Amino acid sequence: MAVPRVTSLHDEDLLEAIRRGQEEAFTALYERYRPLVLRIALRIVGNAEDAEDICQEVFVRLFQQPPALEGPQALRLWLARVTTNTALNVLRSRRRAQFHWARWLRLEWLHRQRRDEGYERAETAALVRAVLDQLSDRDRALLALRASGLNYEEIATTLGIRPSSLGTLLARAERRFRERYEALTRMD
């Protein structure tokens, strides 16, 4: 009987293998999900070094206490939730206000305004960081997870929000961002 390659196993099987102490199962999950974890962390904290630290912390937690999960997307959503919470804790504990979001926020009005008004990238990035400093942690998380490519259901599960409320919450976060951004640009 052929033994399946570790990298071809489902997440649930790999989690069980980690519980049994098989390091190659952990390595397979790490390689599979590191890009997602790093992308979410980077979009929330805006700093590559902090994002790497968060990524390491999330995977240490996974290795030390693999969660009991079921379903094809369960681990992905668990990792997104743990990454989001860890990144928000980093922001809270360090009270940082330095974000590099301009290249990640894909709000059409921002791109249109920057193109129409000829804003320089550095100027726009500074304005975006200033606006994000004023937003709540939930609004930052909503915008970061959406910009990271998670769909509405995944974002709702990650943040513990009812899926039926997510569209409204995301629209409000984008509106608050846009209003504050436009208020800052009028001040110049």
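For the structure, check the block above.
Parameters and conventions
- Residues numbered from 1 in each chain as written.
- Predicted model: local features only at pLDDT ≥ 70, side-chain atom pairs only at ≥ 80, totals over all residues.
- Heavy atoms only, no water.
- Salt bridge = Lys/Arg side-chain N within 4 Å of Asp/Glu carboxyl O.
- Helix = DSSP H or I, 4+ residues; strand = E, 2+ residues; numbered from the N terminus.
- Buried < 20%, exposed > 50% of the residue type's maximum accessible area, 1.4 Å probe, protein only.
- Phe/Tyr/Trp six-rings, centres within 6.5 Å; stacked < 30°, edge-to-face > 60°.

Some words on the pattern of salt bridges
Reasoning step 1: All chains considered together, the criterion is met by eight salt bridges.
Reasoning step 2: The residue arginine 140 makes a salt bridge to aspartate 137 at a minimum N-O spacing of 3.3 Å. One end of the pair, arginine 140, and the other, aspartate 137, are both in helix 7 (residues 137–147), three residues apart, so they sit about a helical turn from each other.
Reasoning step 3: By relative accessible area, arginine 140 is classed as buried at 7%.
Reasoning step 4: Overlapping salt bridges bring together Glu16, Arg19 and Arg20 as one network.

As for the packing of aromatic side chains
Reasoning step 1: Following the criterion strictly, the structure yields five aromatic pairs and no others.
Reasoning step 2: A ring pair is formed by phenylalanine 26 and phenylalanine 63, whose centres lie 5.0 Å apart and whose planes are at 70 degrees; its orientation type is edge-to-face. Pair noted here: phenylalanine 26 is in helix 2 (residues 23–45) and phenylalanine 63 is in helix 3 (residues 48–64), with a separation of 37 residues, a long-range link.
Reasoning step 3: Measuring from ring centre to ring centre gives 4.9 Å for tyrosine 30 and phenylalanine 59, while their planes differ by 70 degrees; the resulting arrangement is edge-to-face. In this pair, tyrosine 30 sits in helix 2 while phenylalanine 59 sits in helix 3, placing the two residues 29 residues apart along the sequence.
Reasoning step 4: With relative accessibility at 30%, the residue tyrosine 30 sits in the partly exposed group.
Reasoning step 5: Among the residues examined, phenylalanine 59 registers a relative accessible area of 2% and is labelled buried.
Reasoning step 6: Among the aromatic side chains, those forming a connected cluster through ring pairs are Phe26, Tyr30, Phe59 and Phe63.

Purely geometric stuff here, so don't read any function into it on its own.
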